[in-house]
Amino acid sequence: MSLPGATVQALPTGAVPGPAATERAHLFTAGSVAHYRRVLADGIDRVADRVAATDRPFTGATPQDLAPRIAGIDLDRPLGDAGAALDELHDVYLRDAVYFHHPRYLAHLNCPVVIPALLGEAVLSAVNSSMDTWDQSAGGTLIERRLIDWTVDRIGLGPAADGVFSSGGTQSNLQAMLLAREEALARAGIGQSRPETLSGLRILTSAAGHFSVQKAAKLLGLGPEAVITVGTDADRRMRTDELAREIDRCRRAGLRVMAVVATAGTTDFGSIDPLPAIADSCAVAGVWLHVDAAYGCGLLVSPTRRHLLDGIERADSVTVDYHKSFFQPVSSSALVVRDRRVLRHATWHADYLNPARAVEQRIPNQVDKSLQTTRRFDALKLWLTLRIMGPNAVGALFDEVVDRADAAWQLLTEDPRFEVVTRSPLSTVVFRYLPTGPGRQLVDEANLYAREALATSGAALVAGTTVDGAHHLKLTLLNPETTEDDIAHVLDLLAEHAGWYVRTRTAGELSCPVG
Ligand SMILES: *Cc1c(COP(=O)(O)O)cnc(C)c1O
């Protein structure tokens, strides 16, 4: 770029023309730290005020309420000022967001987050390290490695174990299936995966396993028949007799079982598959065992319930979601493996980033183990959590919600208005409202209605799922602030909504002219 000499001389030395100076004030640099402090403090105040004011988890806002407000904003006309943008954000987001912080948020696997992790989040996004290579993260790489080592020690995977942080359980499971697929093909003497070699591969998981296994299979080029679901027992745990039968059946049919995916904490029921017996079957058959502990990983730090994960130490790979049961903000997950060498299946050398010579120079990098390239330093949140609170404190919080879920199960078994499905070793309760008399045929609709009516009121949020084809309600407890009174109150609300539905529908039907 060449400017006429006169113009350059008209500007003070080192200065840039007008508008750029204002634009630059928004860049976080040595010159703008005062602005950074002010804006962030204002943002923190707004969130703190909003959370302090939550008297219910949700306002019940509908897409019809919010869509015009968001669509009406002209993104090409900036407000220029953080205060004004935060005012606007209150209207389009903060006021009507779903607050997991509230004790009557009982729906999905979302946890309230610990403050040390929020501190980590603020630090990691401001410093903005990228975890792919040493020259973009330095100490961050080593901190992530320490946390992986800490996690594999907790699991008991042995001295050759390793792993990497990821964006979530879906990605961790995908990577596990990639590694399992490549190992299965390598063991069969097939160097390169081709469509014809993929068609004979099978993955066995339970009927209560997570759908990300099916998604991973699809992404890895396997056919729709590749994931075989093994039946579950009355407690929604994988049936090991059926597993052994399926492994055998596959072998006789000339199919290659590339992995068994056991679930330690099923999303719907909180059930934990019998890990020792599954590990036995895998050992006998020489099959990769992946344990999806996205939910149950909180037991790794539980002062009283670690034994529920016995057998996990025999896995070839394990998924952990710190953002499910370690009270970490999204995203925070890891895939760990027993034998670090298998991570090479995720390695690709690029001259600009991670040339093979960097390996020779022993410069640590994480990109060689990851499906991602640019990657957040999510590990910092767990680091500060462990350094400030320690693992026992996290585990004690998780224990508390598990205790509370058991109390909820007890409440439900004693309540004739409801039918409860299983007793979870984790923090999930699946149940349904049971109408009596002629209303019984409306059971499905009544439960669907109750869940929606409750969400519309915003008084509480519960989840729904189907059990053997029938609609059910689900509580997932992850907030230690949820009391038994909260749960009893929510059950009353659900029964009121469902009862109202059944009464009006049966009355409506009775008053219908016959014929
Ligand atoms: C939530 C969950 C997943 C998916 O994890 P994300 O972090 O949501 O991608 C996988 N498996 C199980 C058992 C889960 O509960």
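None of the values given here were measured: they were computed from a predicted structure. (Residues numbered from 1 in each chain as written. Predicted model: local features only at pLDDT ≥ 70, side-chain atom pairs only at ≥ 80, totals over all residues. Heavy atoms only, no water.)

A. Geometry of the overall build of the protein chain. From N to C terminus, the protein chain includes 18 helices and 12 strands. Principal-axis analysis of the C-alpha atoms gives the protein chain an extent of 95 × 65 × 50 Å. Burial statistics for the protein chain: of 515 residues in total, 48% are counted as buried. Of the contacts formed within the protein chain by residues at least 6 apart in sequence, a portion of 74% connects residues at least 24 apart. With the model as given, the accessible surface of the protein chain reaches about 24800 Å², and the carbon-plus-sulfur share is 56%. Within the protein chain, one finds 51 positive and 61 negative side-chain charges whose respective centroids are separated by 5 Å. (Helix = DSSP H or I, 4+ residues; strand = E, 2+ residues; numbered from the N terminus. Buried < 20%, exposed > 50% of the residue type's maximum accessible area, 1.4 Å probe, protein only. Contact = heavy atoms within 4.5 Å. Areas by Shrake-Rupley, 256 points an atom, 1.4 Å probe, with all protein chains shown as cover. Lys, Arg positive; Asp, Glu negative; His and termini not counted. Charge placed at Lys NZ, Arg CZ, Asp CG, Glu CD.)

B. Just the domain arrangement of the protein chain, in detail. Each domain of the protein chain was delimited in the assignment, giving domain 1 (129–388) and domain 2 (392–507). Taking only C-alpha atoms into account, the centre of domain 1 sits 32 Å from that of domain 2. Between domain 1 and domain 2, the contact holds 25 residues from the first and 24 residues from the second. Counting each side, the surface lost to burial between domain 1 and domain 2 is near 2000 Å², with a carbon and sulfur contribution of 60%. (Domains from an automatic or database assignment. Buried area = accessible area lost by both parts, 1.4 Å probe.)

C. Structural context of the site of the ligand. The immediate surroundings of the ligand are formed by 15 residues, with Gly169, Thr170, Asp292, Asp321 and Lys324 found nearest. Note that an oxygen atom of the ligand is positioned 2.8 Å from one of the backbone N or O atoms of Gly169. Here a nitrogen atom of the ligand and a side-chain polar atom of Asp292 are 2.6 Å apart. In isolation the ligand offers 380 Å² of accessible surface; the protein chains occlude 86% of this area. Put simply, the parts of the chain that give the shell around the ligand at least two residues each are helix H8 (169–187) and helix H13 (322–325). Counting residues per element, the shell around the ligand draws most heavily on H8, at three residues. (Near = heavy atom within 4 Å. Polar contact = N/O pair within 3.5 Å; in protein donor to acceptor, adjacent residues only side chain to side chain.)

D. Fine view of the pairing of strand S2 (residues 162–166). Of all five residues that make up S2, five are buried, and the element is covered over most of its length. Sheet topology note: the S2/strand S8 (residues 333–337) ladder contains five bridges and is antiparallel. The residue bridging Val164 from the neighbouring strand is Leu335, located in S8. (Pairing = 2+ DSSP bridges.)

E. View of the nonpolar core. Counting 88 residues, the largest nonpolar core has Val260, Val291 and Phe431 as the members making the most contacts within it. With nine residues, helix H18 (residues 484–511) is the largest single contributor of residues to this core. Each of domain 1 (129–388) and domain 2 (392–507) gives at least three residues to this core. Beyond its immediate chain neighbours, meaning those up to four positions away, Val260 contacts Leu204, Met238, Leu243, Ile247, Ile278, Cys282, Val287, Trp288, Leu289 and His290. Ranked by size, the runner-up nonpolar core spans 26 residues in total, among them Leu178, Ala184, Leu185 and Trp288. (Core = buried A, V, L, I, M, F, W, Y, C linked by side-chain atoms within 4.5 Å.)

F. Helix H10 (residues 212–219), seen in detail. Buried within H10 are the following residues: Ser212, Val213, Ala216 and Ala217. Down the axis of H10, the buried set is contained in an arc of 145°. They therefore lie on one face. Exposed and facing more than 90 degrees away from the buried side of H10 are Lys218 and Leu219. In this structure, the buried residues of H10 make contact with H8, strand S3 (201–206), strand S4 (227–230) and strand S5 (256–263). Where H10 terminates, the next one or two residues include Gly221, which has phi positive at roughly 85°. (Arc of directions from axis to C-beta.)

G. Molecular detail of the pattern of salt bridges. For the structure shown, the criterion picks out 34 salt bridges. Here Asp399 and Arg305 are joined by a salt bridge, their closest N and O atoms 3.1 Å apart. Residue Asp399 is found in helix H16 (residues 391–413), and its partner Arg305 is found in the loop between strand S6 (289–293) and strand S7 (317–321); the two are separated by 94 residues along the sequence. Assigned by exposure class, Asp399 and Arg305 land together as buried. Taking the shortest distance from any N to any O, the salt bridge between Asp492 and Arg417 comes out at 2.9 Å. Of the two residues, Asp492 is situated in helix H18 and Arg417 in the loop between H16 and strand S9 (418–420); the sequence distance between them amounts to 75 residues. With a relative accessible area of 29%, Arg417 lands in the partly exposed category. (Salt bridge = Lys/Arg side-chain N within 4 Å of Asp/Glu carboxyl O.)

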